[in-house]
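For reference, the chains in residue letters:
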Amino acid sequence: MNNSTGELRFAADRMLGRLARWLRVLGCDVICGPHLTGYGLIRAARQENRLILTRDHRLKQKQPPEYILIQSDHYPEQLRQVIETCRLKIGAPLFTRCLECNAVLQPRSKESVEPSVPPYVFATQENFSWCPKCQRVYWPATHHQRMMEELRKMDILLPGN
Ligand SMILES: [Zn+2]
């Protein structure tokens, strides 16, 4: 594990779905799902050498590997805690991973996404990415802007960023 966001790998418990999505926005590799709780979470973290993120105070009785006990119920606070604890750097590259399934996005040509995106998006966007796992299409320019605004609202980005 190190300080470069792209290489940090997390296993988030099933209570932390929104936090997981936001960490993916920042480029982190985060697994999260209904099976990730208790020993299932510990097993997945061990197998894939991931840092555990959990709200479960009782997890420590199960002798987990390294973990962060998330303090807040609110995702902006949760995100701030992880950013501070892991000293995550925020900036490029944003949007390298699918927010839904954590797969690494791949660039797609404009022509190839025409059937999958709304006409106004096709007309106004030039660059598209695609999730090879769930086939979602992303248009990074718009998503990037919206996410940066959200991060600013959460006080996670300074105005100059
Ligand atoms: Zn996906």
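Procedures and definitions
Residues numbered from 1 in each chain as written. Predicted model: local features only at pLDDT ≥ 70, side-chain atom pairs only at ≥ 80, totals over all residues. Heavy atoms only, no water. Pairing = 2+ DSSP bridges. Helix = DSSP H or I, 4+ residues; strand = E, 2+ residues; numbered from the N terminus. Donors = N, O, S within 2.8 Å, 3.2 Å for Na, K, Ca; no water. Tetrahedral: all angles 85-135°; square planar, octahedral: opposite > 155°, others 65-115°. Buried < 20%, exposed > 50% of the residue type's maximum accessible area, 1.4 Å probe, protein only. Right-handed = clockwise from strand over helix to strand, strands pointing away. Contact = heavy atoms within 4.5 Å. Core = buried A, V, L, I, M, F, W, Y, C linked by side-chain atoms within 4.5 Å. Axes fitted to C-alpha atoms, helices over the stretch in contact; angles between N-to-C directions. Parallel < 35°, antiparallel > 145°, perpendicular 65-115°, else oblique. Left-handed = near helix turned anticlockwise from the far one by under 90°. Nonpolar A, V, L, I, M, F, W, Y, C, P; charged D, E, K, R; others polar.

Draft legend 1. Inspection of the sheet that holds strand β7 (residues 137-138) at higher detail. Reading across the sheet, the 3 strands line up as β5-β6-β7 and stay open at both edges, with antiparallel pairing between neighbours. The open sheet has two free edges, formed respectively by β5 (106-108) and β7, since each of these has just one partner strand. Here strand β6 (residues 128-130) pairs with β7 via 2 bridges, running antiparallel. From the neighbouring strand, W130 faces β7, where its bridge partner is V137.

Draft legend 2. Local environment of the coordination of the zinc ion. Here the zinc ion is held by the protein donor atoms C98 (SG), C101 (SG), C131 (SG) and C134 (SG), which lie 2.3 Å from it. Taken together, the 4 donor atoms surrounding the zinc ion define angles of 98 to 120 degrees at the centre, an arrangement classified as tetrahedral. Between consecutive donor residues of the zinc ion, the sequence gaps follow C-x2-C-x29-C-x2-C. With C101 in the loop between α3 (75-86) and β5 and C131 in the loop between β6 and β7, the pair connects residues that are 30 residues apart, well separated along the chain. Classification of C131 by relative accessible area gives buried; the value is 0%.

Draft legend 3. Region of the structure containing the pairing of strand β1 (residues 9-12). Judged from the 4 bridges that link them, β1 and strand β2 (residues 29-32) form a sheet pairing that is parallel. Note on β2: the bridge partner recorded for F10 is V30. In this fold, the crossover linking β1 to β2 by way of helix α1 (residues 17-25) has right-handed handedness.

Draft legend 4. Structural context of α1. Buried within α1 we find L19, A20, W22, L23, R24 and V25. Its buried side turned inward, α1 meets β1, β2, β3 (51-54), α3 and α6 (140-153). Phi for G27, located one or two positions after α1, is positive at around 100 degrees.

Draft legend 5. Expanded view of unusual backbone geometry. One non-glycine residue, R87, lies in positive phi territory at about 50 degrees. When you line up the elements, R87 lands in the loop between α3 and β5. The exposure class of R87 is exposed, given its relative accessible area of 59%.

Draft legend 6. Geometry of the nonpolar core. Of all hydrophobic cores here, the largest spans 37 residues; its most connected members are F10, L23, L53, L79, V82 and L151. Put simply, the parts of the chain that give this core at least two residues each are β1, α1, β3, α3 and α6. Ignoring sequence-local partners within four residues, the contact set of V82 consists of F10, L19, L23, L53, I70, R87 and L88. A11, I31, L36 and I42 belong to the second largest nonpolar core, which has 9 residues in total.

Draft legend 7. Representation of the environment of Q71. Following the sequence through the fold, Q71 ends up in the loop between β4 (67-69) and α3. Classification of Q71 as exposed rests on a relative accessible area of 57%. Sequence spacing of Q71 and H57 is 14 residues, and the spatial spacing of their C-alpha atoms is 9.7 Å. Look past the residues within four positions of Q71 in its chain and what remains in contact with it is R55 and Q81.

Draft legend 8. Quick look at the environment of E77. With respect to the helices, strands and loops of the structure, E77 is situated in helix α3. For E77 and L23, which are 54 residues apart along the polypeptide, the C-alpha to C-alpha distance reads 13 Å.

Draft legend 9. Just the packing of α1 against α3, in detail. Running from N to C, α1 and α3 cross one another at 50 degrees; their axes reach a closest spacing of 9 Å. Compared by their axis directions, α1 and α3 come out oblique. Handedness of the crossing formed by α1 with α3: right-handed. On α3, the residues that touch R18, L19, W22 and L23 of α1 are Y75, Q78, L79 and V82. Class assignment for the residues of the contact of α1 with α3 results in 6 nonpolar, 1 polar and 1 charged.

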